[in-house]
Amino acid sequence: MTAYAIAHLQEAAPHPEIAEYIERITATFAPYGGRFLVHAAQHEVKEGNWPGHVVVISFPGLAEARAWWDSPAYREIAPLRSRNIDGDIILVDGVCDTYDPAGTARAMREVMRTP
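Structural notes, computed from the coordinates.

The rules behind these values
Residues numbered from 1 in each chain as written. Predicted model: local features only at pLDDT ≥ 70, side-chain atom pairs only at ≥ 80, totals over all residues. Heavy atoms only, no water. Helix = DSSP H or I, 4+ residues; strand = E, 2+ residues; numbered from the N terminus. Rg over C-alpha atoms; globule rule 2.2 N^0.38 Å. Contact = heavy atoms within 4.5 Å. Salt bridge = Lys/Arg side-chain N within 4 Å of Asp/Glu carboxyl O. Buried < 20%, exposed > 50% of the residue type's maximum accessible area, 1.4 Å probe, protein only. Pairing = 2+ DSSP bridges. Axes fitted to C-alpha atoms, helices over the stretch in contact; angles between N-to-C directions.

## Regarding the overall build of the protein
Helix and strand counts for the protein stand at four helices and four strands. When the helices and strands of the protein are listed from N to C terminus, the series reads β-α-β-β-α-α-β-α. Computed over the C-alpha atoms, the radius of gyration of the protein is 17 Å, more than 25% above the 13 Å expected from 2.2 N^0.38 for a compact globule of 115 residues. If one aligns the C-alpha atoms of the protein with their principal axes, the spans along those axes are about 55 × 35 × 25 Å. Within the protein, contacts between residues separated by at least 24 positions form 77% of all contacts whose residues are at least 6 apart in sequence.

And the structure:
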């Protein structure tokens, strides 16, 4: 099942370390089947407040996403970003091709029926 690394990064002033990070990051996730789905794109806020930038990287599965995050290659460059940009980053499984949200609603209704 496809998994994703999702980052919500705050605005940051241009910095040579950030440029180096961006130049090097693709090489770190390529061995794990990762690829950018969203990067350096404008987003449109429909509800709430979402300042900054969104980055989404897909991986074949959560194991590959974790392996990338923990890899020596990524751990080497991560400080180039974290020293200069605040943000939140998560790894999350996607849903399978047969996912039906109605099943989630049924499970929720069952929990609500239980005293």
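## Notes on the pattern of salt bridges
Pairs may arise between side chains of opposite charge once their charged atoms sit close together. Counted under the stated rule, the structure contains five salt bridges. Its salt-bridge partner being Arg-83, residue Glu-17 comes within 2.8 Å of it at the nearest N-O pair. Of this pair, Glu-17 sits in helix α1 (residues 16-29) while Arg-83 sits in the loop between α3 (72-82) and β4 (87-93), placing them 66 residues apart in sequence. With relative accessibility at 53%, the residue Arg-83 sits in the exposed group. Residues Glu-44 and Lys-46 are paired through a salt bridge, measuring 2.4 Å at the closest nitrogen-oxygen approach. Each member of the pair Glu-44 and Lys-46 is classed as exposed.

## Remarks on the sheet that holds strand β2 (residues 35-38)
What the four strands build is an open sheet, ordered β2-β3-β1-β4; its pairing is antiparallel. Whereas interior strands pair on both sides, the edge strands pair on one side only; in this sheet they are β2 and β4. Averaged over all neighbouring strand pairs, the angle between strand axes comes to 25°, with direction disregarded. Across the sheet, α1 is in contact with β2 and β3 (53-59); its angle to β2 comes to roughly 120°.

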